[in-house]
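Residues per chain, in single letters:
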Amino acid sequence: MSLSAPSRRLASLCLSCNPPISTTTLAHRTRIPIDAALRRTLSSSQPRRADSTSSDKPNPILEEWKRKNPGDAAAGKRPSLPAGGLTPQSGDIAASSIFEDERRAQEQKDAEDAEGAEGEEEPGVMKVGGIRRNSEIMARLLDPNPAAREKWEKKMVVRSLRKGGRLNKALFLKRTEREHLSKSHNLKTSVKKLGMVARQIAGKTLDDAIVQMRFSKKKVAIEVLEQLEKARDEAVVMRGMG
């Protein structure tokens, strides 16, 4: 056969060489009926049967009722619910529940109401946050060394009298001016370069420091200026300064 033969002729020759397998031949080889071979699938399985031993297990609740009511059991009666139905029983919640705080608050409130109905509080007992505390024990915690506290108070009084009631600069600013502390992030520069800029604005007012940083030629002055403006805005908003 030459290669110049038409393609249709080659296809017909191939089909004649390998004839298709018929369903009868497949059924004869596997010895399975044709209908069963077509219906069988991979997901098919045998039907489950009920366990015959499950019905033979005794019911403990029914057995207990039969022991308590032998006459009704002999007559073939079945147990029934009471006329009012089952009474719900109050349970408890887990310690990790989100409603645990509410339950504790309610219990504390009920305990306070019960104590208030009983009468006045005992002498030497005070309430802190709704909890009864002993005043003597609280005094030991709040004022562990009263002698040292009194000594420090006398020292402060003597110091103020020696200065004639005059305040130093730090105390004067604390009593007359408001303060606000603002911390910046880590600036990408060296301590030497930042120290030069810091000494340039040390001791100046905020407005003067902003003007100095605005006209400074240092690269880090831009970040210092941004931090000064941020601190000024925070002081105005958070502390009411300005």
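Everything quoted here is computed from the prediction, not taken from an experiment.

1. What to know about the packing of helix α10 (residues 191-201) against helix α11 (residues 206-214)
Working step 1: It is the contact of α10 with α11, at a shortest axis distance of 9 Å, that shows an interaxial angle of 135°. The angle between α10 and α11 falls in the class oblique. The handedness of the crossing between α10 and α11 is right-handed. Residues V197, Q200 and I201 of α10 lie in contact with α11, whose contacting residues are A209, Q212 and M213.
Working step 2: Partitioned by chemical class, the residues of the contact of α10 with α11 number 4 nonpolar, 2 polar and no charged.

2. Considering a nonpolar patch on the surface
Working step 1: Where nonpolar side chains cluster on the molecular surface, the patch consists of L167, L171, F172 and L173 and spans about 330 Å² of accessible area.
Working step 2: In this fold, F172 is placed in helix α9 (residues 169-176).
Working step 3: Of the residues examined, F172 reaches a relative accessible area of 46% and is grouped as partly exposed.

3. Looking at the packing of α11 against helix α12 (residues 221-238)
Working step 1: Where α11 contacts α12, the two axes come as close as 9 Å, and the packing angle between them is 155°. Viewed along their axes, α11 and α12 adopt a mutual orientation that is roughly antiparallel. Classified by chirality, the crossing of α12 by α11 is left-handed. Across the interface between the two elements, L206, A209, I210, M213 and R214 of α11 pack against A221, V224, L225, L228, E229 and R232 of α12.
Working step 2: When its residues are assigned to classes, the contact of α11 with α12 shows 8 nonpolar, no polar and 3 charged.

4. A few points about the nonpolar core
The nonpolar side chains of a soluble globular protein tend to be buried, and buried together.
Working step 1: Of all hydrophobic cores here, the largest spans 11 residues; its members are L187, V197, I201, A209, I210, M213, V220, A221, V224, L225 and L228.
Working step 2: Of all the secondary-structure elements, those providing two or more residues to this core are α10, α11 and α12.
Working step 3: When sequence neighbours within four positions are dropped, the list of residues in contact with A209 reads I201, K204 and L228.

5. Examining helix α8 (residues 146-162)
Working step 1: When the terminal C-alpha atoms of α8 are compared, their 25 Å separation across 17 residues agrees well with the 24 Å that a helix rising 1.5 Å per residue should span.
Working step 2: G164 occupies a position one or two residues after α8 and carries a positive phi of about 70°.

Calculation criteria
- Residues numbered from 1 in each chain as written.
- Predicted model: local features only at pLDDT ≥ 70, side-chain atom pairs only at ≥ 80, totals over all residues.
- Heavy atoms only, no water.
- Axes fitted to C-alpha atoms, helices over the stretch in contact; angles between N-to-C directions.
- Helix = DSSP H or I, 4+ residues; strand = E, 2+ residues; numbered from the N terminus.
- Parallel < 35°, antiparallel > 145°, perpendicular 65-115°, else oblique.
- Left-handed = near helix turned anticlockwise from the far one by under 90°.
- Contact = heavy atoms within 4.5 Å.
- Nonpolar A, V, L, I, M, F, W, Y, C, P; charged D, E, K, R; others polar.
- Patch = residues over 30% accessible without salt bridge, like charges linked within 9 Å, V, L, I, M, F, W, Y side chains within 5 Å.
- Areas by Shrake-Rupley, 256 points an atom, 1.4 Å probe, with all protein chains shown as cover.
- Salt bridge = Lys/Arg side-chain N within 4 Å of Asp/Glu carboxyl O.
- Buried < 20%, exposed > 50% of the residue type's maximum accessible area, 1.4 Å probe, protein only.
- Core = buried A, V, L, I, M, F, W, Y, C linked by side-chain atoms within 4.5 Å.
- Expected span 1.5 Å × (residues − 1).

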